[in-house]
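What follows is each chain in one-letter form.
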Number of protein chains: 2
Amino acid sequence: MQRIAIDMDEVAADTMAHYLELYNAEFELSLTKEHFHGKRTLEAIDQAHVARARQYFQTESFFVDIPVMPDSQQVIRELMDRYEVFITTAAMEVPCSFSPKFAWLRKHFPYIPASHVVFCGDKSIVAADFLIDDDPRHFQRFRGEGILYTAPHNVNVTAYRRVNNWLEVRQLLLS
Amino acid sequence: MQRIAIDMDEVAADTMAHYLELYNAEFELSLTKEHFHGKRTLEAIDQAHVARARQYFQTESFFVDIPVMPDSQQVIRELMDRYEVFITTAAMEVPCSFSPKFAWLRKHFPYIPASHVVFCGDKSIVAADFLIDDDPRHFQRFRGEGILYTAPHNVNVTAYRRVNNWLEVRQLLLS
């Protein structure tokens, strides 16, 4: 059985949506994801806000309230019939995120066994056939095929097969 | 560069020593590691104590005070000159252990980058050439070579190369 590793932030979890909600509310703005095309989140905002915006990601409660990416629950469940599925999420830069990220996964993806959740930093440690991730840096030393999940910061990357949403993941891996 | 994945409990960390210290103190016993030869920790104790002993491992503070396995700090530092080293520890069964385990590694092994720490359950997800672990179950689907680090429960296992201490790790992998 082939194995798929799936990233959490910006792939299974719509982290950007939650970030924008907090940021727009605090600074009375109405930025959308389009504003961030081709840029890292903290590059595309008023530089006077960076220190404050960075704090969002250092706050345990931030990770509790992230919405699920549309259709991810259904498609991941379907993938599990044909593949071994692991969630591989970079958590080591924000140790306070361990527990809320784990709880989030148990809540929204209870059918993924806890033993198939991986917190890591450098994803070259992941042994899988496919890695669905929004960050192409993780593909450089990954031994399987990286599949790029579209996020605002990666729209200009062309080196990998791309999926724009979970229905396209289904199309690519289940048809 | 070849890669070595190293388990934490019973390999880099002398978890059993700490467990025995607590258990002997609470029940006024003087059990040693020899008492546990060939058995899982909770199998080898008075069955009336199992529920209480299990709690030790569910307590966050338990993980803070575990002593380092003798010579592990020095030998792991030496391994890092010749290999890429990752710490791969099963933490998903005890979510309260995430933060103290991570803090323990930062304290005792500050030269291992945070990006090379992996919390996982099923270690078949680990892409490495060697896995040094006390639990032979992790070797069954591991794609590299499993090297069994002696712990009381595994003394009768014969299917893998074995190391009894960190000086033997140095001998095996650095000479």
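Bear in mind the structure is a predicted one, so any value in this text is a computation, not a measurement. Here the residue numbering is sequential within each chain, running from 1 through the sequence in written order. The lettering of chains begins at A and the numbering of ligands begins at 1, in the order of writing. Residue-level local features of this predicted model are given only where pLDDT is at least 70; pairs of side-chain atoms are given and counted only at 80 or more, and the full residue set underlies all totals for whole chains, interfaces and linings. Hydrogens are left out, water is left out, and the side-chain values use all remaining heavy atoms of the structure.

Student: Is there a simple way to think about the overall build of chain A in this case?
Tutor: Regarding its fold elements, chain A presents 6 helices and 6 strands. Only DSSP runs of H or I covering at least 4 residues are called helices, and only runs of E covering at least 2 are called strands; the numbering of each starts at the N terminus. Along its sequence from the N terminus, chain A presents helices and strands in the succession β-α-α-α-α-β-α-β-β-β-β-α. Between the two quantities, the radius of gyration covers C-alpha atoms and the globule rule is 2.2 Å times the number of residues to the power 0.38. Taken against the 2.2 N^0.38 rule, which gives 16 Å for 175 residues, the C-alpha radius of gyration of chain A at 16 Å falls within 12% of a compact globule. When the backbone C-alpha atoms are referred to their principal axes, chain A occupies close to 50 × 35 × 30 Å. Exposed residues in this analysis have more than 50% of their type's maximum accessible area, buried residues have under 20%, and partly exposed residues fall in between, with area computed by a 1.4 Å probe over protein chains only. When each of the 175 residues of chain A is scored for burial, the buried share is 53%. Put simply, chain A shows about 7800 Å² of open surface, and 49% of that area lies on carbon and sulfur atoms. Only four residue types enter the tally: Lys and Arg on the positive side, Asp and Glu on the negative side; His and the chain ends are excluded. Charged groups are reduced to one reference atom each: NZ for lysine, CZ for arginine, CG for aspartic acid, CD for glutamic acid. Each charge class in chain A can be summarised by its mean position, and for the 18 positive and 24 negative side chains these summaries are 5 Å apart. Note on areas: Shrake-Rupley with a 1.4 Å probe; residue coverage comes only from the protein chains shown.

Student: Explanation requested: the nonpolar core in the structure shown.
Tutor: Most often, soluble globular proteins keep nonpolar side chains buried together rather than apart. Take the buried residues of types Ala, Val, Leu, Ile, Met, Phe, Trp, Tyr and Cys, join any two whose side-chain atoms come within 4.5 Å, and each joined set is a nonpolar core. Counting 96 residues, the largest nonpolar core has Tyr-19, Leu-79 and Trp-166 of chain A together with Leu-79 and Trp-166 of chain B as its most contacted members. Note on contacts: a residue pair is in contact if any heavy atoms of the two residues lie within 4.5 Å. Apart from residues no more than four positions distant in its own chain, Tyr-19 of chain A is found in contact with Phe-36, Thr-41, Leu-42, Ile-45, Ala-53, Tyr-56, Phe-57 and Phe-62 of chain A. Counting 22 residues, the second largest nonpolar core, distinct from the first, contains Ala-5 of chain A together with Phe-86, Val-118 and Leu-131 of chain B.

Student: What should I look at first to understand the relation of the copies chain A and chain B in this one?
Tutor: Two copies of a chain can be linked by a rotation about an axis combined with a shift along that same axis. What sets the superposition is a least-squares fit of C-alpha atoms, and only residues with pLDDT of at least 70 in both copies go into it. When chain A is fitted to chain B, the best match, at an RMSD of 0.0 Å, comes from turning it 180° and sliding it 0.0 Å along the axis. Taken together, the turn and the small shift mark the pair as related by a two-fold rotation axis. Here 100% of the contact residues of chain A are again contact residues in chain B; the copies associate through an equivalent surface.

Student: So what exactly am I meant to see when it comes to the pattern of salt bridges here?
Tutor: Opposite charge on two side chains permits them to pair, given that their charged atoms come into close proximity. Any Lys or Arg side-chain nitrogen found within 4 Å of a carboxyl oxygen on Asp or Glu counts as a salt bridge. Taken as a whole, this structure holds 24 salt bridges over all chains when the rule is applied. Linking Asp-9 of chain B and Lys-101 of chain B is a salt bridge whose minimum nitrogen-to-oxygen distance equals 2.8 Å. Here Asp-9 of chain B, found in the loop between β1 (3-6) and α1 (15-27), pairs with Lys-101 of chain B, found in helix α5 (residues 98-108); they are 92 residues apart in sequence, far enough to count as distant. Lys-101 of chain B shares its class with Asp-9 of chain B; the two are buried. Beyond isolated ion pairs, a larger network of salt bridges with shared partners links Arg-3 and Glu-84 of chain A together with Asp-122 and Arg-141 of chain B.

Student: Quick question: what am I supposed to make of the packing of aromatic side chains here?
Tutor: Planes of paired rings set the category: under 30 degrees apart is stacked, over 60 is edge-to-face and the rest tilted, where pairs are Phe, Tyr or Trp rings (Trp by its six-membered ring) whose centres lie within 6.5 Å. Applying the stated rule across the entire model yields 31 aromatic pairs over all chains. A centroid spacing of 5.7 Å and a plane angle of 15° characterise the contact between Tyr-19 of chain B and Tyr-23 of chain B, whose relative ring orientation is stacked. Of this pair, Tyr-19 of chain B and Tyr-23 of chain B both sit in helix α1, 4 residues apart, which is roughly one turn of the helix. You can call Tyr-19 of chain B buried: its relative accessible area is 1%. Cluster of aromatic residues (ring-pair linked, three or more members): Tyr-19, Tyr-23, Phe-27, Phe-36, Tyr-56, Phe-57, Phe-62 and Phe-63 of chain A. Two thresholds decide whether a charge sits over a ring: the Lys NZ or Arg CZ must be within 6 Å of the ring centre and within 35 degrees of the ring normal. Positioned above the aromatic ring of Tyr-111 of chain A is the side chain of Arg-77 of chain A, whose terminal nitrogen or guanidinium carbon lies 4.2 Å from the ring centre.

Student: What is the right way to read unusual backbone geometry from this model?
Tutor: Unlike most non-glycine residues, Glu-28 of chain A shows phi in positive territory, near 50°. By the element assignment, Glu-28 of chain A lies in the loop between α1 (15-27) and α2 (50-56). The residue Asp-71 of chain B is not glycine, and still its phi comes out positive at about 70°. Taking relative accessible area as the criterion, Asp-71 of chain B reaches 39% and is therefore assigned partly exposed.

Student: Just checking my understanding: could you explain the interface of chain A and chain B for this structure?
Tutor: Interface extent is often summarised as the accessible area lost during association of the parts. Every contact between the two is made by 23 residues of chain A and, on the other side, 23 residues of chain B. Across the interface of chain A and chain B, roughly 2100 Å² is buried in total on both sides, 61% from carbon and sulfur atoms. On the surface where chain A and chain B come into contact, there are 2 salt bridges. Measuring nitrogen to oxygen at the nearest pair gives 2.8 Å for the salt bridge that ties Glu-84 of chain A to Arg-141 of chain B. Polar contacts, as used here, are pairs of N or O atoms within 3.5 Å; protein pairs need one atom able to donate a hydrogen and one able to accept it. Residues neighboring in sequence count only if both atoms are side-chain atoms. For the pair chain A and chain B, the number of links is 9 residue pairs in polar contact (both at pLDDT 80 or more). Of all the secondary-structure elements, those providing two or more residues to the side of chain A that touches chain B are β2 (84-90), α5 (98-108) and β3 (117-120) of chain A. Defined in terms of a 1.4 Å probe, buried area is the accessible area two parts forfeit on being brought together, summed over both.

Student: Is there a simple way to think about the pairing of strand β1 (residues 3-6) of chain A in this case?
Tutor: Moving residue by residue along a regular strand, the side chains alternate between the two faces of the sheet. Residues and elements named next belong to chain A. Here β1 shows two buried faces, one formed by Arg-3 and Ala-5 and the other by Ile-4 and Ile-6. Two elements, β1 and β2, share 4 bridges in a ladder whose sense is parallel. Considered in β2, the bridge of Arg-3 is made with Glu-84. For two strands to be treated as a pair, DSSP must find at least two bridges joining them. Here β1 runs beside strand β4 (residues 130-133); their pairing, made up of 3 bridges, is parallel. Considered in β4, the bridge of Ile-6 is made with Ile-132.

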